Amino acid sequence: MENSEIQHLAKRSKTDWLKEIYLFYTQLAAGSLLIIPAIVLPLYYKSSVSTEEYMFFIEFLGMLAGSVWISGASDKVGRKPALAISIALYSVGSFIPFIDRSFYALILSMLIMGSGIGANVPVANAMMNEFSEPSVRGTVMSIGNAIFNLGFVVAPLFIFFFGVKFIFIFGIVQLFTLAPILRIPETKKPSQSSGFRDLYIGERLKKTLAISFATFFVFFVVYGIVDWFPTLLSRGLVKVPGILQKDYILITNLGAFLGALFMAPLVDRTGRRTLGIAVSSIAGVAELLTLFFSRIMPVLAVALTFISLFFMEGALAIVTIMASELYDHGMRGRGLGNSLAWGRIGGMTSPLVLGSVLEIFRNPGLPFIVLGMSSICAAVLLHNLPETMQIKKL
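Residues numbered from 1 in each chain as written. Predicted model: local features only at pLDDT ≥ 70, side-chain atom pairs only at ≥ 80, totals over all residues. Heavy atoms only, no water.

It is worth spelling out the overall build of the protein at this point. The number of helices and strands found in the protein is 16 helices and 0 strands. Considering the protein as a whole, with its 394 residues, one finds that 57% of them fall into the buried category. Considering only contacts in the protein between residues 6 or more positions apart, those separated by 24 or more positions represent 85%. Surface summary for the protein: the accessible area is close to 16,200 Å², and the carbon and sulfur share equals 70%. (Helix = DSSP H or I, 4+ residues; strand = E, 2+ residues; numbered from the N terminus. Buried < 20%, exposed > 50% of the residue type's maximum accessible area, 1.4 Å probe, protein only. Contact = heavy atoms within 4.5 Å. Areas by Shrake-Rupley, 256 points an atom, 1.4 Å probe, with all protein chains shown as cover.)

The structure is reproduced here in structure tokens:
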């Protein structure tokens, strides 16, 4: 490394980190609001499990739309307007249940809030990439992913200490966080773009398919563990102590945070591709081992799902980083939005596929084979991508 580059890296200004801290905060807010169907609905609406699953599906539809349209538009209109729209959307979505507790108002709220969260994640990650020096880019983005997952832990604490309505108030006051956007420099000037089809033509086609399906499988596994596995516990198909069943969501959310955080000191040293293959493979082995222990040692089976989630959340951080680095500056928003949209599809379909496998074959072990093979598929797809850590100028 040349001396001039060393000096440049050494002089990372306080302002640069302040920009990143602001983006970290938007991730914390988005993660805290994403968990509303799992925690708030039973308390605020006295809803059933099926209603919670339905609202998660609605929220994911909104996230899918936000990932595609708003994140993609950030390449055309700039990152700052797209980030502002995402924050405004999840703030407005939070306001609706506060004034109207009807079922249809809740559906509208989940769609609007979901679109804001779905847009915020790729746009904020694109900006983290563009604000960061190459030597710390992966670390910064891994921390951002970890803080998003920290929101899943923080939201229940907010509700426990301040009441269920506080989470809606928390969402509403995010409108005030629009002000700092005025002081943040634009990282992508408005320009003409021809849409997502640019990702699927020429030499970009192979890498787009690889990162898209890798992200699909990573999300498929993560949401299979988070959303589907608890149904095995509630139905008594995997018998564990009551405290594990009651606190499973909190335990897995903590595991998700730690898994993404675990990547931060490693990803800029070992490389994205190598580390992604390793953690996906370890998670796949853990899921296949869960198959054998789900009946004879259920507590160990739960521990193995925690281990699997820990490593797959690391893989999720890595596919997000790689999606931001595989494309040049003019296509980064579309690249991230497209990849995470495929991830949302994986997250939406995972509980449905795993539940169907369980109902058809009446064997609670078979879904773990599906999860294990999905993790291995993610590792194979990452193997077919180039290492992106060495990309210095984006």
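Moving on from the model shown.
Moving on, we come to the packing of helix α6 (residues 103–131) against helix α7 (residues 137–162). At a minimum axis distance of 9 Å, the contact between α6 and α7 shows a crossing angle of 155 degrees. Viewed along their axes, α6 and α7 adopt a mutual orientation that is roughly antiparallel. When the axes of α6 and α7 are compared, the crossing they make is right-handed. Between α6 and α7, the contacting residues are Ile-117, Val-121, Asn-125, Met-128 and Asn-129 on the first element and Arg-137, Val-140, Met-141, Gly-144, Asn-145 and Phe-148 on the second. (Axes fitted to C-alpha atoms, helices over the stretch in contact; angles between N-to-C directions. Parallel < 35°, antiparallel > 145°, perpendicular 65-115°, else oblique. Left-handed = near helix turned anticlockwise from the far one by under 90°.)

With the rule as written, the count across this model stands at 14 aromatic pairs. Ring centres 5.0 Å apart and planes at 45 degrees place the aromatic pair Phe-213 and Trp-342 in the tilted group. Residue Phe-213 is found in helix α9 (residues 204–234), and its partner Trp-342 is found in helix α15 (residues 332–361); the two are separated by 129 residues along the sequence. What makes Trp-342 partly exposed here is its relative accessible area of 26%. Linked through ring pairs, Phe-158, Phe-162, Phe-166 and Phe-170 together constitute an aromatic cluster. (Phe/Tyr/Trp six-rings, centres within 6.5 Å; stacked < 30°, edge-to-face > 60°.)

With that out of the way, let us pick up the pattern of salt bridges. Across all of its chains, the model carries 8 salt bridges by this definition. Arg-332 is the salt-bridge partner of Glu-130, the closest N and O atoms lying 2.7 Å from each other. On the criterion of sequence distance, the pair formed by Glu-130 in helix α6 and Arg-332 in helix α15 is long-range, its members being 202 residues apart. A single salt-bridge network, built from bridges that share partners, covers Asp-75, Arg-79, Glu-130, Asp-198, Arg-332 and Arg-334. (Salt bridge = Lys/Arg side-chain N within 4 Å of Asp/Glu carboxyl O.)

Quick look at the nonpolar core now. Considering soluble globular proteins, one finds that nonpolar side chains tend to be buried as a cluster. Judged by nonpolar contacts, the single largest core of 99 residues is most densely connected at Leu-83, Ile-117 and Ile-167. Ranked by residues supplied to this core, first place goes to α9 with 15 residues. Once residues within four sequence positions are removed from consideration, Ile-117 is found in contact with Ala-30, Leu-33, Leu-34, Glu-59, Met-63, Tyr-90 and Phe-148. (Core = buried A, V, L, I, M, F, W, Y, C linked by side-chain atoms within 4.5 Å.)

Attention now moves to the packing of helix α11 (residues 248–263) against helix α14 (residues 298–325). Packing of α11 against α14 leaves a shortest axis separation of 7 Å and a crossing angle of 40 degrees. Taken as axis vectors, α11 and α14 run oblique relative to one another. When the axes of α11 and α14 are compared, the crossing they make is right-handed. Contact residues: α11 offers Tyr-248, Ile-251, Thr-252, Gly-255, Ala-256, Leu-258, Gly-259, Ala-260, Phe-262 and Met-263, while α14 offers Val-302, Thr-305, Phe-306, Leu-309, Phe-310, Phe-311, Glu-313, Gly-314 and Ile-318. Split into classes, the residues belonging to the contact of α11 with α14 amount to 13 nonpolar, 5 polar and 1 charged. (Nonpolar A, V, L, I, M, F, W, Y, C, P; charged D, E, K, R; others polar.)

Before going further, it helps to spend a moment on the environment of Arg-79. With respect to the helices, strands and loops of the structure, Arg-79 is situated in helix α5 (residues 79–99). Among the residues examined, Arg-79 registers a relative accessible area of 0% and is labelled buried. A sequence separation of 111 residues divides Arg-79 from Pro-190, and the C-alpha atoms of the two residues are 8.6 Å apart. Excluding anything up to four places from it in sequence, Arg-79 contacts Ser-74, Val-123, Ala-126, Met-127, Glu-130, Glu-186, Thr-187, Lys-188, His-329, Arg-332 and Gly-333.

Here we come to the environment of Pro-190. Examined against the element boundaries, Pro-190 turns out to sit in the loop between α8 (166–172) and α9. Considering only alpha carbons, one finds Pro-190 and Gly-78, 112 residues apart in sequence, at a separation of 4.9 Å.

We classify Arg-332 as buried; its relative accessible area is 0%. Reaching out from Arg-332, the side chain makes a polar contact with the backbone oxygen of Ser-324 at a distance of 2.7 Å. (Polar contact = N/O pair within 3.5 Å; in protein donor to acceptor, adjacent residues only side chain to side chain.)

Attention shifts here to α7. Here α7 is 26 residues long and its end C-alpha atoms lie 36 Å apart, about the 38 Å a rise of 1.5 Å per residue gives. At Val-153, α7 is bent by approximately 30 degrees, the largest bend along its length, and proline Pro-156 sits one to four residues beyond. Positive backbone phi, approximately 95 degrees, marks Gly-163, located one or two places after α7. (Expected span 1.5 Å × (residues − 1). Bend = angle between axes of the 7 residues up to and from the residue.)

Below, the discussion takes up the confidence of the model for the protein. Atom-level detail of predicted coordinates should not be read off regions where pLDDT is low. In the predicted model, the protein carries a mean pLDDT of 85, and the fraction of residues at 70 or more is 86%. Per-element confidence in the protein is highest for helix α16 (residues 366–383), whose mean pLDDT is 94, and lowest for helix α1 (residues 3–10), whose mean pLDDT is 35. In the predicted structure, residues 1–15 sits below a pLDDT of 50 and forms 11 contacts with residues beyond four places in sequence or in another chain. (pLDDT = per-residue confidence, 0-100.)

A cluster of nonpolar side chains, Phe-95, Phe-98, Ile-99, Ile-169, Val-173 and Phe-176, forms an exposed patch at the surface whose accessible area comes to about 580 Å². Relative to the assigned elements, Phe-95 resides in helix α5. (Patch = residues over 30% accessible without salt bridge, like charges linked within 9 Å, V, L, I, M, F, W, Y side chains within 5 Å.)

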